[in-house]
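Architecture at a glance
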Amino acid sequence: MQQKVVIGVTLNNGKKNARSKAMQIAVGLPGVESVSLQGEDSSQIVVVGDNIDSVILTSLLRKKVGFAELTSVSPVSTEGEKPKQETKPSESGIQSMVWPTYQAGVPYYYQPGAPYYAYEVAGYNQNSCTIM
C-alpha cells in the first residue's frame, strides 16, 4: 500500500547539515520511494513509499536530528486505480457478525526424554555381604 508520511522537523537548531542528515535517515528505511522537503522554510519532510513505518522514522529523526513531530499519514491514490467500493449496511440496519474460529484446548507437544543407559560393572557380586 502506497502511503504518504509528513513529519514536521526543526532543521535550524544549530546542527550543521541537518537537512541532508534528515534526508539520509528517511531514504535509509525500507520501502521508501521518494523524500522531499516542503512547507515554509523546508520544515516538513514528506516521505512516499510502500509500507513505511512512520513511528520508527519519527523516532530516528528525533534521535539523530532533533525535534520531530508526526503530522500526517495518508494513502496515496494512483490515477489508474479505481477506489474501492465500501459495503453498505443492510436496509434493516442489522449487520452480520463473523466470529473467528478457535481450536478447543491447547496443543500438546511431546518431547522425548534423555535415553536411559544401563552399564554392567565387572566384578560386582550382588549376593555377597561385605559387612561380615
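Conventions adopted
Residues numbered from 1 in each chain as written. Predicted model: local features only at pLDDT ≥ 70, side-chain atom pairs only at ≥ 80, totals over all residues. Heavy atoms only, no water. Helix = DSSP H or I, 4+ residues; strand = E, 2+ residues; numbered from the N terminus. Contact = heavy atoms within 4.5 Å. Buried < 20%, exposed > 50% of the residue type's maximum accessible area, 1.4 Å probe, protein only. Arc of directions from axis to C-beta.

The protein chain carries the name HMA domain-containing protein in an unreviewed UniProt entry, which gives Castanea mollissima as its organism.

1. Considerations on the environment of leucine 60
One can find leucine 60 in helix H2 (residues 54-64). As a C-alpha pair, leucine 60 and alanine 26 span 34 residues in sequence and 8.7 Å in three-dimensional space. Beyond its immediate stretch of four places on either side in the chain, leucine 60 contacts Ile25 and Leu29.

2. Overview of the environment of valine 32
Within the element layout of this structure, valine 32 appears in strand S2 (residues 32-38). Taking the C-alpha atoms as reference points, valine 32 and glutamine 2, 30 residues apart in sequence, are found 9.7 Å from one another. With residues near it in sequence (within four places) discarded, valine 32 still touches Ala26, Val27, Val47, Val48, Gly49 and Ile52.

3. Section: H2
Listed as buried for H2 are Ser54, Leu57, Thr58 and Leu61. All buried residues of H2 fall inside an arc of 95° around its axis, so they share one side. Those residues of H2 that are exposed and aimed more than 90 degrees away from the buried face are Val55 and Lys63. Where H2 is buried, its residues contact strand S1 (2-9), helix H1 (18-27), strand S3 (44-50) and strand S4 (68-75).

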